[in-house]
Amino acid sequence: NAGVMQNPRHLVRRRGQEARLRCSPMKGHSHVYWYRQLPEEGLKFMVYLQKENIIDESGMPKERFSAEFPKEGPSILRIQQVVRGDSAAYFCASSPDGVGGYTFGSGTRLTVV
Amino acid sequence: GEDVEQSLFLSVREGDSSVINCTYTDSSSTYLYWYKQEPGAGLQLLTYIFSNMDMKQDQRLTVLLNKKDKHLSLRIADTQTGDSAIYFCAERGLGGSQGNLIFGKGTKLSVKP
């Protein structure tokens, strides 16, 4: 039973490019959450999705960021026109019911140069 | 707003007990979590406690919750060098959606042989 899978592990983008981060939840988990971790900081909630629905996007920046969790396939976090301040580790978590512990992936480390 | 505070560093000798402390502000917190993060890795759920409990024990780990003082602690008995990592406290309140965990900045535990 594989855990939460994120890819790529490391992503380098030039300013102005697009970044696409993928997350496959654990088998049987239909709740997906994205978090961002800036250097020396804790994790900050970005968005919570269930299949084909955004439940809570209160932590998402208003522009350039979007997330989806289609009926088939992984959840995608998309960052358009990246800037240096987007450099961070982005973690995805999943849960079967949103009540107990959330299982995190190993993260995607985005570097904007 | 909601906030979770942790001391940033803790250093102990191998074989001693470690106690990592956390305070939170949201009195409506339902669940409180402890996560472990090793360098370059994702977050590993160690344990969580429901707010109507005051203690939970799991092998070498003991969680104590003082709801009146909004204080949570994680005790690691017989600390080993493999326990060296960053430990994050997180809370889930009623205010946010179910996936909106509020994390502290993490306590870096160093275990000296």
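Only a predicted model underlies this, so the values are computations on that prediction, with no experimental measurement involved.

Conventions used here
Residues numbered from 1 in each chain as written. Chains lettered and ligands numbered in written order. Predicted model: local features only at pLDDT ≥ 70, side-chain atom pairs only at ≥ 80, totals over all residues. Heavy atoms only, no water. Phe/Tyr/Trp six-rings, centres within 6.5 Å; stacked < 30°, edge-to-face > 60°. Helix = DSSP H or I, 4+ residues; strand = E, 2+ residues; numbered from the N terminus. Buried < 20%, exposed > 50% of the residue type's maximum accessible area, 1.4 Å probe, protein only. Lys NZ or Arg CZ within 6 Å of the ring centre and 35° of its normal. Pairing = 2+ DSSP bridges. Axes fitted to C-alpha atoms, helices over the stretch in contact; angles between N-to-C directions. Contact = heavy atoms within 4.5 Å. Polar contact = N/O pair within 3.5 Å; in protein donor to acceptor, adjacent residues only side chain to side chain.

Peer 1: Hey, could you run me through the packing of aromatic side chains in this one?
Peer 2: Centre-to-centre distance and the angle between the planes together describe a pair of aromatic rings. In this structure the tally under the stated criterion is 15 aromatic pairs over all chains. Considering the side-chain rings of tyrosine 102 of chain A and tyrosine 33 of chain B, the 5.8 Å spacing of their centres and the 55° angle between planes classify their relative orientation as tilted. Residue tyrosine 102 of chain A is located in the loop between β9 (88–95) and β10 (103–104), and its partner tyrosine 33 of chain B is located in strand β4 (residues 31–37); the two belong to separate chains. Accessibility expressed as a relative area gives 2% for tyrosine 102 of chain A, which makes it buried. On the numbers, 6.3 Å between centres and 80° between planes, the contact of phenylalanine 88 of chain B with phenylalanine 103 of chain B is edge-to-face. With phenylalanine 88 of chain B in strand β9 (residues 85–92) and phenylalanine 103 of chain B in strand β10 (residues 101–103), the pair connects residues that are 15 residues apart, well separated along the chain. Lysine 56 of chain B extends its terminal NZ or CZ atom over the ring of tyrosine 48 of chain B, reaching a point 4.7 Å from the ring centre.

Peer 1: Looking at this model, I keep getting lost on the sheet that holds strand β6 (residues 55–58) of chain B. Mind explaining?
Peer 2: Neighbouring strands of a sheet are bound in pairs by backbone hydrogen bonds; such pairs are parallel or else antiparallel. Residues and elements named next belong to chain B. Strand order in the open sheet made by the five strands is β1-β3-β8-β7-β6, with antiparallel pairing throughout. Of all strands in the sheet, those bounded by a partner on one side alone are β1 (4–6) and β6. This sheet shows a mean twist of 15° between the axes of neighbouring strands, independent of strand direction. Across four bridges, the pairing between β6 and strand β7 (residues 61–66) is antiparallel.

Peer 1: Just checking my understanding: could you explain the pairing of strand β8 (residues 71–76) of chain B for this structure?
Peer 2: Along any regular strand, the residues point their side chains to alternate faces of the sheet. Residues and elements named next belong to chain B. When strand β3 (residues 18–24) meets β8, the two strands line up antiparallel, connected through six bridges. Each residue of the ladder has a partner; that of serine 18, found in β8, is isoleucine 76. For β7 and β8, the ladder comprises six bridges, and the chain directions are antiparallel. Along β8, the bridge assignment pairs leucine 64 with serine 73. Hairpin connection between β7 and β8: a loop of four residues separates the two successive antiparallel strands, and lysine 70 in this loop has a positive phi of roughly 55°.

Peer 1: Help me out: how do you make sense of the sheet that holds strand β8 (residues 75–79) of chain A in this one?
Peer 2: Residue and element names in this part refer to chain A. The four strands are arranged β1-β3-β8-β7 in an open sheet whose pairing can be described as antiparallel. The sheet is open, and its two borders are formed by β1 (5–7) and β7 (65–68), each paired with just one other strand. Each adjacent strand pair in this sheet contributes to an overall mean axis angle of 15°, direction not counted. Both strand β3 (residues 19–24) and β8 contribute to a ladder of five bridges, which runs antiparallel. The residue bridging alanine 19 from the neighbouring strand is isoleucine 79, located in β8.

Peer 1: For this particular structure, what's the right way to read the environment of lysine 51 of chain A?
Peer 2: All names here are of chain A. Within the element layout of this structure, lysine 51 appears in the loop between β5 (43–50) and β6 (53–56). Distance in space between the C-alpha atoms of lysine 51 and valine 4 is 16 Å, their sequence separation being 47 residues. With sequence-adjacent residues up to four places away left out, lysine 51 is seen in contact with Ser30, Phe69, Pro70, Lys71 and Gly73. Within the local environment of lysine 51, its side chain forms a polar contact with the backbone oxygen of lysine 71, the two atoms lying 3.2 Å apart.

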